[in-house]
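What follows is each chain in one-letter form.
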Amino acid sequence: MMERYATDAQVDAARAALRTHWEQLLSTYHLESGEEKLNRMVNIWHQYQCMVTFNMSRSASYYESGMGRGMGFRDSNQDLLGFVHLIPERARERIIDIASTQMEDGSAWHQYQPLTKKGNADIGGGFNDDPLWLVAGVYAYLAETGDVSILTEPVPFNNVEGSEQPLLEHLRRSVNFTITHKGPHGIPLIGRADWNDCLNLNCFSDTPGESFQTVENNDTGVAESVFIGGMFVLYGSQYADILEHYGRLAGMSDAEIASEAANVRAEIGQVSKAVKTAGWDGEWFVRAYDAYSRKVGTHEDTEGQIYIEPQGMCVMAGIGVKTGEAVTALQSVKEKLDTKYGIVLLQPAYTKYHLELGEISSYPPGYKENAGIFCHNNPWVSCAETVVGHGDRAFEIYKKTCPAYIEDISEIHRTEPYVYSQMVAGCDAATFGEAKNSWLTGTAAWTFVDVSQYILGIQPTLAGLKIDPCIPHEMDGFILRRVWRGATYEIVVENPDHLEKGVKAMTVDGKPVSSNILSPVPAGSTVQVKVVMG
């Protein structure tokens, strides 16, 4: 090591090589806009934090429990969403590792050890959102690369030799796990918990200091998650798309594809209907049903009346977009959950412990899951706002937790002014606005997905590269360079009428096109794209 950097010239050469490495890596997605802070975040810090989070998951964080925690099944799949465009081959390896820890019934270990690739038995499973995140990760990889060979890759269940099945079968079992685990209202069962590890509707822990992650899971098939319902509508649809686009290349017959895709879409329709009926509280989506089949996240309660998670996920899935519930739910978020530092997870905060709700009610008001500002799910609401065409509101939400836009409150925020944190103390807390747990958080991936795919609107799909910006009306437009499937797309977006969403005209290499989805072109090509919003 000393010999490699013995002279000033050697050090200068190493620094130049390092700079070139990062410039090439980050150039896959490069933005030029009138917003210097936005450019800085998109071109450097968003992508850099996604790389760090992908490499370390949550297991190296001194805020957590060291390497003993392992890597999360849910966490690692979500990390892929913001990383896959950078080094797709590493994303492919990670997907195989994650899928190899899945159980034969489609459920999953909640965490696994990265060195042994074995599930973490100390934590176990039973988090019923986990299986669907595998679909999200694989869809993102396929949309980015078009590498259908991953679907036929033999992958074991629970890393048991001889249990290998094609990855497509793993996805099938993920979706079927949700289909076969629904509750009395036709909404997916929550299990031990869903994305919110602290909403423990089947644990009933009355022992101080007991871990809610490992206490007995008394799942009686009653407690349901509206959030997982939204997930199923979104990611079940992605699975059906995978079948229809790549099923034949993965060895399925046309009849098999048509039959399975139709069955999945029928199930999606049933869950969507259940969410819009039993899962609708009048002005927002209910969070869940507890083990007594009582609503959680309802105006009928005095605390915990509204939660953020289903409002974002259900609208992202398209539930209620055509019939009005989506806009109503997002307005309720703005009125009841929004603060100057971001959107809190729930309101009003819990002021006493609820045995039937678990860990979420054990935190002080305004901290962590008990009405803290969880930065991870703020982007879901921003994404949801773009689904209904609200570019101003989407960007407003994005800026509230974006490090570059809150540098002037660093004495309040108190974490690094260039990376995201897991959470910010909510309006009920004594330290409102103070951030905690920076760097290793799913916020990194989701905020990059939000700004790159939903706000700027450059979204990889199985059919092609979709161009659908939803920006603040005052933005004149932007120029964006996107490397996708080996080709370089030079995209110019103009917003002469200062609208928030809508594509009036688009040309590709100077020729008008009728669709805003660009078909793949040979690797090495450069494509000139001009978009006029209207």
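Below is a summary of the structure that appears in this document. Just so it is clear, the model here is predicted, and its values are computed rather than measured. (Residues numbered from 1 in each chain as written. Predicted model: local features only at pLDDT ≥ 70, side-chain atom pairs only at ≥ 80, totals over all residues. Heavy atoms only, no water.)

1. A word on the overall build of the chain
Then comes step 1: When helices and strands are counted, the chain shows 14 helices and 23 strands.
Then comes step 2: Relative to the 2.2 N^0.38 estimate, which gives 24 Å for 534 residues, the radius of gyration of the chain is 23 Å and therefore close to what a compact globule would have.
Then comes step 3: Overall size of the chain, expressed as C-alpha extent along the three principal axes, is 60 × 60 × 60 Å.
Then comes step 4: Taken over 534 residues, the chain has a buried fraction of 59%.
Then comes step 5: Contacts in the chain between residues far apart in sequence, at least 24 positions, make up 68% of those at least 6 positions apart.
Then comes step 6: Taken as a whole, the chain presents about 20,300 Å² of accessible surface, with 52% of it coming from carbon and sulfur.
Then comes step 7: Counting 43 positive and 68 negative side-chain charges, the chain places the averaged centre of each group 3 Å from the other. (Helix = DSSP H or I, 4+ residues; strand = E, 2+ residues; numbered from the N terminus. Rg over C-alpha atoms; globule rule 2.2 N^0.38 Å. Buried < 20%, exposed > 50% of the residue type's maximum accessible area, 1.4 Å probe, protein only. Contact = heavy atoms within 4.5 Å. Areas by Shrake-Rupley, 256 points an atom, 1.4 Å probe, with all protein chains shown as cover. Lys, Arg positive; Asp, Glu negative; His and termini not counted. Charge placed at Lys NZ, Arg CZ, Asp CG, Glu CD.)

2. Topic: the sheet that holds strand 6 (residues 224-225)
For sheets, the rule is that strands pair by backbone hydrogen bonds, running either parallel or antiparallel.
Then comes step 1: Reading across from one edge, 6-7-8 is the order of the three strands in this open sheet, with antiparallel pairing throughout. Since the sheet does not close on itself, it has two edges, and those belong to strand 6 and strand 8 (295-296), each with one partner.
Then comes step 2: The pairing of strand 7 (residues 288-289) with strand 8 spans two bridges and is antiparallel. Residue pairing across strands places Ala-288 opposite Val-296, the latter belonging to strand 8. (Pairing = 2+ DSSP bridges.)

3. Let's talk about a nonpolar patch on the surface
Then comes step 1: Together, Met-1, Tyr-5 and Val-11 give the surface a local cluster of nonpolar side chains, amounting to about 300 Å² of exposed area.
Then comes step 2: Mapped onto the elements, Met-1 comes out in the segment before helix 1 (8-26). (Patch = residues over 30% accessible without salt bridge, like charges linked within 9 Å, V, L, I, M, F, W, Y side chains within 5 Å. Salt bridge = Lys/Arg side-chain N within 4 Å of Asp/Glu carboxyl O.)

4. Concerning the sheet that holds strand 18 (residues 477-484)
Then comes step 1: Here we have six strands laid out as an open sheet, ordered 1-18-19-23-20-21, and mixed in their pairing. At either end of the open sheet lies a strand with only one pairing partner, and these are strand 1 (29-32) and strand 21 (511-512).

5. Points about the pairing of strand 14 (residues 421-424)
Then comes step 1: Sheet topology note: the strand 13 (residues 373-374)/strand 14 ladder contains two bridges and is antiparallel. By the bridge assignment for strand 14, Ile-373 is matched with Val-424.
Then comes step 2: Bridge count between strand 14 and strand 15 (residues 435-438): three bridges; the pairing is antiparallel. Across the sheet, residue Met-423 finds its bridge partner in strand 15, namely Lys-436.

6. Comments concerning helix 7 (residues 226-246)
Then comes step 1: The end-to-end C-alpha distance of helix 7 is 30 Å, a good match for the 30 Å that 21 residues give at a rise of 1.5 Å each.
Then comes step 2: The buried fraction of helix 7 is high, at 17 of 21 residues. (Expected span 1.5 Å × (residues − 1).)

7. Some thoughts on the packing of helix 11 (residues 378-387) against helix 12 (residues 391-401)
Then comes step 1: At a closest axis distance of 8 Å, the pairing of helix 11 and helix 12 adopts a crossing angle of 165 degrees. Classified by the angle between their axes, helix 11 and helix 12 sit roughly antiparallel to one another. Helix 12 is crossed by helix 11, and the crossing has left-handed handedness. Contacts from Asn-378, Val-381, Ser-382, Glu-385 and Thr-386 of helix 11 reach helix 12 at Arg-393, Ala-394, Ile-397, Tyr-398 and Thr-401.
Then comes step 2: Within the contact of helix 11 with helix 12, the residues separate by chemical class into four nonpolar, four polar and two charged. (Axes fitted to C-alpha atoms, helices over the stretch in contact; angles between N-to-C directions. Parallel < 35°, antiparallel > 145°, perpendicular 65-115°, else oblique. Left-handed = near helix turned anticlockwise from the far one by under 90°. Nonpolar A, V, L, I, M, F, W, Y, C, P; charged D, E, K, R; others polar.)

8. Things to note about the packing of aromatic side chains
Then comes step 1: Summed over all chains, the structure comprises 19 aromatic pairs.
Then comes step 2: Look at Trp-133 and Tyr-235: their rings are 5.6 Å apart centre to centre, the planes differ by 55 degrees, and that puts the pair in the tilted class. Of this pair, Trp-133 sits in helix 5 (residues 130-145) while Tyr-235 sits in helix 7, and the two are 102 residues apart along the sequence. Taken individually, Trp-133 and Tyr-235 each receive the classification buried, so the pair is uniform in this respect.
Then comes step 3: A ring pair is formed by Trp-195 and Trp-380, whose centres lie 5.2 Å apart and whose planes are at 65 degrees; its orientation type is edge-to-face. One end of the pair, Trp-195, is in the loop between helix 6 (167-179) and strand 6; the other, Trp-380, is in helix 11, and 185 residues separate them in sequence.
Then comes step 4: A residue is classified by how much of its surface remains accessible, and Trp-195, at 7% relative accessible area, is buried.
Then comes step 5: Overall, the relative accessible area of 1% leaves Trp-380 in the buried class.
Then comes step 6: Put simply, the rings of Trp-22, Trp-45, Tyr-48, Tyr-418 and Trp-439 touch in pairs and so form one group of aromatic residues.
Then comes step 7: A cation over an aromatic ring shows up here: Arg-94 above the ring of Phe-54, its NZ or CZ 4.0 Å from the ring centre. (Phe/Tyr/Trp six-rings, centres within 6.5 Å; stacked < 30°, edge-to-face > 60°. Lys NZ or Arg CZ within 6 Å of the ring centre and 35° of its normal.)

9. Looking at the state of the cysteines
Then comes step 1: A complete count under the given rule lists zero disulfides for this structure.
Then comes step 2: In this structure Cys-383 is a free cysteine whose sulfur lies 10 Å from that of Cys-470, the closest cysteine sulfur available.
Then comes step 3: Distance from the sulfur of Cys-427, which forms no disulfide, to the nearest cysteine sulfur (Cys-375) is 14 Å.
Then comes step 4: Classification of Cys-427 as partly exposed rests on a relative accessible area of 37%. (Disulfide = S-S within 2.5 Å.)

10. Considerations on the side chain of Arg-92
Then comes step 1: Residue position: Arg-92 is located in helix 4 (residues 88-99).
Then comes step 2: There is a polar contact of 3.1 Å between the side chain of Arg-92 and the side chain of Ser-149.
Then comes step 3: Not counting residues within four places of it along the chain, the set of residues in contact with Arg-92 comprises Tyr-141, Asp-147, Ser-149, Ile-150 and Glu-153. (Polar contact = N/O pair within 3.5 Å; in protein donor to acceptor, adjacent residues only side chain to side chain.)

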